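Each chain, written out:
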Amino acid sequence: MTFGRVNPEFQLEDQGITGLGNVFYNLMEPALIEAALKNGEGTLGNGGAFLVTTGKFTGRSPKDKHVVKTDSVVDKIWWENNAAMSPEGFDNLYADMLEHMKGRDFYVQDLVGGADPDHAINVRMVTELAWHGLFIRHLLRRPEREALDSFLADFTVINCPSFKADPERHDCRSDTVIAMNFDKKLILIGNTEYAGENKKSVFTLLNYLLPEQGVMPMHCSANHAIDNPVDTAIFFGLSGTGKTTLSADPSRTLIGDDEHGWSDRGTFNFEGGCYAKTIGLNPEAEPEIYATTTKFGTVIENMVFDPETFELDFEDSSLTENMRCAYPLEYISNSSDTALGGHPKNVILLTCDAYGVLPPIARLTPAQAMYHFLSGFTSKTPGTERGVVEPEPTFSTCFGAPFMPRRPETYGNLLRDKIGKHGATCWLVNTGWTGGAFGTGSRMPIKATRALLTAALEGSLNEAEFRKDENFGFDVPVSVPGVDEKLLDPRQTWADAAAYDAQAAKLVQMFADNFEQYVPYIDEDVKAAAIG
């Protein structure tokens, strides 16, 4: 039987998906929570939040993501970064998954990726778990109810955690699979309950589609000055670098916390919600995000809670370091109603330097910005990927390599051209370690980072005195009001200056070695900005 609101000419049967049990179309939040509770998928928490655990998978499985190698994409995909799946393997996978789904109940959400209607895509999410439907209702954009009556999907995502892939038959790596078929406009996810796979599959899709429209897809957060969308800032960074925290600035309007596009019109959010890490979440430092954890419908993922009072434990990482909450954007009081901004005046590249070498902020030329964007130096933070238990220094090109189907230069050239055309000022901000590497030093004080960013966004930092960094060649402010001058010179924060010099030399060589792969594809100005 079918329940809910749907285009009568675009039901699952019209897509060749038949023989299911009950199908629930476009249920709203109360009904999804009711269904999830009835199914035993989780627990109702304080304020009406929904508390879930995701079992074995508490982070993404990037090695299990595959792109189907069809003739139309074979010359467009960055195959060194994206595992291939044969068309025959995908066809077997799809047939076997549809057979597995027969007789089971599913939840369908018809949603939109992208706040700019000129570049938005319609996405149908078909989920085995009701709470996945709740999650993706928060994370993608919800059309008006009337629009559901004529909704047609550009792409369909099917997420079936109870289905296990067969590596030999399906041409994949393991029994967990995320398979993207751009020709068939279909994404299949199996054997993982981790909800982040839903949103990141759509992000990967947009990263493939938008460059051909001249739109730069970005793994970044974004905000703008209050009542002034022209003064927009974007914050690139991998999970754990501070994208969500630093963009949720009460003195600015939040456009979004994770995924955006930069078109000829300006900046736009791909999403309709936020997916924030909650480990160590503090009501004083991040009151708005903290408050969402007891709001109706917020999905609380993999957090320990008191079985009697349902109080959440923000310090207990026994389930995972990667515990999170997912909530609609409107739960943040200073969020944008439109999720649109202007062309960025400031572009911030966030890095989490576990070596303790980089300064808390540095000003970049456009060529240096492209260099650091392609390099994507940061540290994987514990829990965001399976097997990461302490910060691991890494180079993740475009600050989002796991989600980039095309070669990095595609995105790097788009970014450089847009920075040049619109005159954005670029900054590298280190939210990682100071006074030593991980294990010896300490995390960069959030108050100092906020003070430096405020000075950058308000324009006063450009008037400061700068020094040229001996190791990396970028400009570093000598002093900034409200920030300890010693913090601005990382070498001074180390007890052993010689140890700092050795660590810095090591990092410079790592940058140089990593960047060799891009040299054949870049212009001379970026080569000149290369380190080492």
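Residues numbered from 1 in each chain as written. Predicted model: local features only at pLDDT ≥ 70, side-chain atom pairs only at ≥ 80, totals over all residues. Heavy atoms only, no water.

**Q** Can you tell me about the UniProt feature "binding site: substrate" (unreviewed entry) in the chain, naming the residues and giving the values?
**A** UniProt feature "binding site: substrate" (unreviewed entry): in the numbering of this structure it lies at Arg 60, Tyr 194, Lys 200 and Arg 324. Along the chain, the position of Tyr 194 falls in the loop between strand S11 (186-190) and helix H5 (196-209). Using a relative accessible area of 3% as the deciding quantity, one classes Tyr 194 as buried. Among all residues touching Tyr 194, those that are not within four sequence positions of it are Thr 54, Phe 57, Thr 58, Gly 59, Arg 60, His 132, Tyr 275, Glu 301, Asn 322 and Arg 324. With respect to the secondary-structure elements, Lys 200 resides in helix H5. On the basis of relative accessibility, which here comes to 8%, the residue Lys 200 falls in the buried class. The contact partners of Lys 200, leaving out residues within four places of it in the chain, are Arg 60, Lys 65, His 219, Asp 258, Glu 259 and Phe 403. (UniProt positions renumbered as here; feature names shortened; annotations may be inferred. Helix = DSSP H or I, 4+ residues; strand = E, 2+ residues; numbered from the N terminus. Buried < 20%, exposed > 50% of the residue type's maximum accessible area, 1.4 Å probe, protein only. Contact = heavy atoms within 4.5 Å.)

**Q** Any chance you could break down the environment of Val 429 for me, citing the residues and the numbers?
**A** Summarising the element assignment, Val 429 is placed in strand S25 (residues 425-430). In sequence terms Val 429 and Leu 350 are 79 residues apart; their C-alpha atoms lie 4.9 Å from each other.

**Q** Any details on the UniProt feature "binding site: Mn(2+)" (unreviewed entry) in the chain? Residues and values, ideally.
**A** The UniProt entry lists Lys 200, His 219 and Asp 258 under the feature "binding site: Mn(2+)" (unreviewed entry), expressed in the numbering used here. Taken together, the annotated residues stretch across 59 residues yet fold into one region, lying no more than 10.3 Å apart by C-alpha. Topologically, His 219 is positioned in strand S12 (residues 216-225). Accessibility expressed as a relative area gives 3% for His 219, which makes it buried. The contact partners of His 219, leaving out residues within four places of it in the chain, are Lys 200, Phe 203, Phe 235, Phe 236, Gly 237, Leu 238, Ser 239, Lys 243, Asp 258, Phe 399, Gly 400 and Phe 403. In this structure the side chain of Asp 258 is engaged in a polar contact, spanning 2.7 Å, whose partner is the side chain of Lys 200. (Polar contact = N/O pair within 3.5 Å; in protein donor to acceptor, adjacent residues only side chain to side chain.)

**Q** Residues and numbers for the sheet that holds strand S17 (residues 273-277), please.
**A** What the 5 strands build is an open sheet, ordered S3-S4-S18-S19-S17; its pairing is mixed. In the strand order of this sheet, the two ends are held by strand S3 (43-44) and S17, each with one partner. Of the strand pairs in this sheet, strand S18 (residues 299-301) and strand S19 (residues 324-328) are connected by 3 bridges, and their pairing is antiparallel. From the neighbouring strand, Glu 301 faces S19, where its bridge partner is Arg 324. (Pairing = 2+ DSSP bridges.)

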